[in-house]
Amino acid sequence: MLALPSTRLLLLFGESLPSSRLPNVSRKVWGQTSVRFVSQVNPDNGPLTLSSLGFKSGFEKTNKIKADKIERLDVPSEAPKSKVRGVGSNGIKTVKAVGLKKSLEIESAPFSAKSFSELGLPPLLLERLDTAGFTVPTDVQSAAVPTILKGHDVVIQSYTGSGKTLAYLLPILSEVGPLKKKSANGESEFEKKKEIDAVIVAPSRELGMQIVREVEKLLGPTDKKVVQQLVGGANRSRQEEALKKNKPAIVVGTPGRIAEISAAGKLHTHSCRFLVLDEVDELLSFNFREDMHRILEHVGRRSGADPRGSIAARRTIMVSATVPFSVIRAARSWGSDPLLVQAKKVMPLEAVSPSGPVNILKPTSGSDSSMRTQAALQSLPPALKHYHCVAKLQHKVDTLRRCVHALDAKCVIAFMNHTKQLKDAVFKLAARGMVAAELHGDLGKLARSTTLKKFKNGEVRVLVTNELSARGLDVAECDLVVNLDLPTDSIHYAHRAGRTGRLGRKGTVVTICEEPEVFVVKKLQKQLGIPIPACEFTEGKLNVIEED
Ligand SMILES: Nc1ncnc2c1ncn2[C@@H]1O[C@H](COP(=O)(O)OP(=O)(O)OP(=O)(O)O)[C@@H](O)[C@H]1O
């Protein structure tokens, strides 16, 4: 077999809105400060190449699409239905008031007909799923689990809140740790060894901890130590001690901390069999470049690949609701038939064409607008409702307050771009009697987890936060997302919006912007292929304004 190191450039940036018209957002990744490059790579640091990230193919590449190997389960999605409109008085064309129901029902459950037992999972894992209350797999789980179990490298792309975490955890737990399948001689003994079997990387501490909790839920209290968190902000020597003492099979962490401990020689990942990059487009962005280099250099290379060349020694799983074509390009150079897994669809990456940051499907037929609609449905939960409301800067917080009352929202995430303004907003909301709290990277680990806990418990009604909470944060009860500042681009909009409407629940997204920013909302609407009608909050109700 020939190794073909790829020379393709890895430019991992989504389609951006005109940055000249938007605030230059300086981003802080939890625990580390860094600048976000929206559409350019710093030439001083050189281009980020696939080979520099360790994506070397251990197999001869072929352009032949091995479609015959792949089960196709295409099911066309339906576009979201827009609200019925009517004309009101006083020159304002209004529509009927929209409110949230008291309880969050699962309106369009994204479950396929399959049960977990049909996915080829070991009996003990099936038992644990049942105990944890997971009874039916979601579509993306039904598609991903058997595909990964067959040994493929995969890119998993499915909308926010569709259950992508279990989609990769279940195949890992089938082969790693105490719940795994019995071997040919009938043994399922789990032996503790020095090397790590699975490395899961996530861009934030909160997301890392959330993944750890999901693994622990399945492992149960006696086997909890099979997984170890390696997130930044927590005590590093304690993490190193736990690695030595517990010899975990799975580690979950942030790039900085994993790279740090690996560089110190305290983490042995060379025989790792699974590498997961959760929120892959974020992880492969410029912010994490150096740490990702370190991780990829030291994580199970392909030297021990199956001699038949069909199954790689290390499976690489890349996951996100938004997969820019640059990620597809990166994944293609892995060799070993990398596949794109979406809900109800599995296809070779070779068949994917570059038609946009989220629309990664090969255009086949249909109008431009129907394709855009499909693109939106791929990253945004279909049941979400989107609106925008024009307000002067000094009235934005008050508009937020009226929005929360109008929708009777109980669990609200409000996004802002700058920490100082974020603190001011919390202060103003509290002064008006609304229980609000701030969440951002300047707070310590304890303060952040306490705030998050209070928000999840319902003690805090409005969580005012920044981009750092946009990815992965799973609060099932969140019924409203408000953009108090505009997101940088459509990808950031999708991740922010995806904090509500999780797993088929109802959710509303309201973008509060100034008049000169409305063009940005129109652009988002076009890029995402979703209606984001104008609205206002009068008489305690959300009224949609009909456009002329
Ligand atoms: N089969 C299932 N049955 C019931 N609940 C599930 C199932 N699969 C996942 N969940 C729950 O659904 C929620 C959303 O799942 P998850 O966080 O994995 O979504 P996601 O697709 O990774 O979202 P994001 O793109 O925002 O990270 C979680 O609370 C998870 O425990």
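Note that this is a predicted model, so its numbers are computed, not measured.

1. Here's the deal with the overall build of the protein chain
Move 1: On a plain count of helices and strands, the protein chain comes out with 15 helices and 20 strands.
Move 2: Buried residues in the protein chain amount to 56% of all 548 residues.
Move 3: Pairs at least 24 residues apart make up 77% of the contacts formed inside the protein chain by residues separated by at least 6 positions.
Move 4: When the accessible surface of the protein chain is split by element, carbon and sulfur atoms take 51% of a total near 23,200 Å².

2. Here's the deal with the pairing of strand β12 (residues 345-348)
Move 1: Along β12, one buried face is formed by K345 and M347 and the opposite face, lined by V346 and P348, is buried too.
Move 2: Both strand β11 (residues 339-342) and β12 contribute to a ladder of 4 bridges, which runs antiparallel. Residue L340 lies in a different strand from β12, and its bridge partner there is M347.
Move 3: Counted between consecutive antiparallel strands, the loop separating β11 from β12 contains 2 residues, among which K344 sits at a positive phi close to 65 degrees.

3. With respect to the site of the ligand
Move 1: Not every one of the 22 residues close to the ligand is listed here, only the nearest: V136, K164, T165, D474 and R502.
Move 2: Between an oxygen atom of the ligand and a main-chain N or O atom of G161, the distance comes to 2.8 Å.
Move 3: Contacts to the ligand include R502, whose side-chain N or O atom sits 2.7 Å from an oxygen atom.
Move 4: Starting from 640 Å² of accessible surface for the ligand in isolation, the protein chains cover 90%.
Move 5: Top contributing element to the shell around the ligand by residue count: helix α3 (residues 164-175), with 3 residues.
Move 6: For the shell around the ligand, the class distribution of residues is 8 nonpolar, 8 polar and 6 charged.
Move 7: Both domains that meet at the shell around the ligand, namely domain 1 (116-180 + 193-351) and domain 2 (371-544), each give it at least three residues.

4. Points about the domain arrangement of the protein chain
Move 1: Looking at the protein chain, the domain boundaries give domain 1 (116-180 + 193-351) and domain 2 (371-544).
Move 2: For domain 1 and domain 2, the distance between their C-alpha centres works out to 29 Å.
Move 3: Taken together, the contact between domain 1 and domain 2 spans 23 residues of the former and 21 residues of the latter.
Move 4: Counting the surface lost from both domain 1 and domain 2, the interface buries some 1,800 Å², and carbon and sulfur atoms represent 51% of this.
Move 5: Counting the surface domain 1 buries against domain 2, the share from its top three residues, Y159, T160 and E206, is 32%.
Move 6: Joining domain 1 to domain 2, the criterion identifies 4 salt bridges.
Move 7: The partner of R448 in a salt bridge is E206, with the nearest N and O atoms 3.0 Å apart.
Move 8: Between domain 1 and domain 2 we count 8 residue pairs in polar contact (both at pLDDT 80 or more) in total.
Move 9: Listed by contribution, the elements that provide at least two residues to the side of domain 1 that touches domain 2 are α4 (205-219) and α7 (280-283).
Move 10: The element contributing the most residues to the side of domain 1 that touches domain 2 is α4, with 5 residues.
Move 11: Of the residues that constitute the side of domain 1 that touches domain 2, the class distribution is 5 nonpolar, 12 polar and 6 charged.

5. Focus: the UniProt feature "domain: Helicase C-terminal" (unreviewed entry) in the protein chain
Move 1: Following the UniProt record, the feature "domain: Helicase C-terminal" (unreviewed entry) maps to residues 399-543 here.
Move 2: As a span, residues 399-543 carries 37% helix and 21% strand, and end to end its C-alpha atoms are 13 Å apart.

6. Brief notes about the sheet that holds strand β7 (residues 227-230)
Move 1: What the 8 strands build is an open sheet, ordered β7-β8-β6-β9-β10-β5-β11-β12; its pairing is mixed. Taken across any chain shown, the strands that pair with only one partner, and hence form the sheet edges, are β7 and β12. For this sheet, the mean angle separating the axes of adjacent strands, direction not counted, is 15 degrees.
Move 2: In this fold helix α2 (residues 139-149) packs onto β5 (154-157), β9 (274-278), β10 (315-320), β11 and β12, with an angle of close to 150 degrees to the strand it touches most, β11.
Move 3: Along the sheet, α3 makes contact with β5, β6 (198-201), β8 (250-253), β9 and β10, crossing β9 at roughly 170 degrees.

7. Thoughts on helix α8 (residues 289-298)
Move 1: By the criterion of burial, α8 is predominantly enclosed, with 7 of the 10 residues buried.
Move 2: Among the residues making up α8, those that are buried are R289, D291, M292, H293, I295, L296 and H298.

8. With respect to the sheet that holds strand β17 (residues 480-483)
Move 1: A sheet is described by the order of its strands in space; here 6 strands give the open sequence β13-β18-β17-β14-β16-β15, paired in parallel fashion. Across the chains shown, the open sheet's two edge strands, defined by having one partner strand only, are β13 (384-390) and β15 (436-439). Going from strand to strand, the sheet's axes swing by 20 degrees on average, the running direction of each strand aside.
Move 2: Strands in contact with helix α12 (residues 419-431) are β15 and β16 (462-465); relative to β15, the strand with the most contacts, it is inclined by about 170 degrees.
Move 3: Sheet strands touched by helix α13 (residues 445-457): β14 (412-415), β15 and β16. Its angle to β15, the strand with the most contacts, is close to 140 degrees.

9. Remarks on the environment of D130
Move 1: Mapping D130 onto the fold places it in helix α1 (residues 123-131).
Move 2: Here D130 falls in the exposed class, since its relative accessible area comes to 52%.
Move 3: Each C-alpha atom of the pair D130 and F116 lies 9.3 Å from the other, and the pair is 14 residues apart in sequence.

10. Brief notes about the pattern of salt bridges
Any two side chains of opposite charge can pair, given that their charged atoms come close.
Move 1: Throughout the structure, instances matching the rule amount to 22 salt bridges.
Move 2: Between E214 and K217 there is a salt bridge, with the nearest N and O atoms lying 3.6 Å from each other. Taken together, the positions of E214 and K217, both in helix α4 and 3 residues apart, correspond to about one turn of that helix.
Move 3: Relative accessible area serves as the criterion here: at 43%, K217 is assigned to the partly exposed category.
Move 4: Put simply, K420 and D424 hold a salt bridge, and the shortest N to O gap is 3.0 Å. One end of the pair, K420, and the other, D424, are both in helix α12, 4 residues apart, so they sit about a helical turn from each other.
Move 5: When its relative accessible area of 56% is taken as the criterion, K420 is described as exposed.

11. A look at the nonpolar core
Move 1: Judged by nonpolar contacts, the single largest core of 43 residues is most densely connected at I156, Y168 and I250.
Move 2: Here the element with the most residues in this core is α3; it accounts for 7 residues.

12. Digging into the pairing of β10
Move 1: In terms of burial, β10 is a largely internal element, 6 of the 6 residues being buried.
Move 2: Of the two faces of β10, the one holding R315, I317 and V319 and the one holding T316, M318 and S320 are both buried throughout.
Move 3: Direction of pairing for β5 relative to β10: parallel, over a ladder of 4 bridges. By the bridge assignment, I156 is partnered in β10 with V319.
Move 4: Strand direction decides the pairing type here: β9 and β10, joined by 5 bridges, are parallel.

The rules behind these values
- Residues numbered from 1 in each chain as written.
- Predicted model: local features only at pLDDT ≥ 70, side-chain atom pairs only at ≥ 80, totals over all residues.
- Heavy atoms only, no water.
- Helix = DSSP H or I, 4+ residues; strand = E, 2+ residues; numbered from the N terminus.
- Buried < 20%, exposed > 50% of the residue type's maximum accessible area, 1.4 Å probe, protein only.
- Contact = heavy atoms within 4.5 Å.
- Areas by Shrake-Rupley, 256 points an atom, 1.4 Å probe, with all protein chains shown as cover.
- Pairing = 2+ DSSP bridges.
- Near = heavy atom within 4 Å.
- Polar contact = N/O pair within 3.5 Å; in protein donor to acceptor, adjacent residues only side chain to side chain.
- Nonpolar A, V, L, I, M, F, W, Y, C, P; charged D, E, K, R; others polar.
- Domains from an automatic or database assignment.
- Buried area = accessible area lost by both parts, 1.4 Å probe.
- Salt bridge = Lys/Arg side-chain N within 4 Å of Asp/Glu carboxyl O.
- UniProt positions renumbered as here; feature names shortened; annotations may be inferred.
- Axes fitted to C-alpha atoms, helices over the stretch in contact; angles between N-to-C directions.
- Core = buried A, V, L, I, M, F, W, Y, C linked by side-chain atoms within 4.5 Å.

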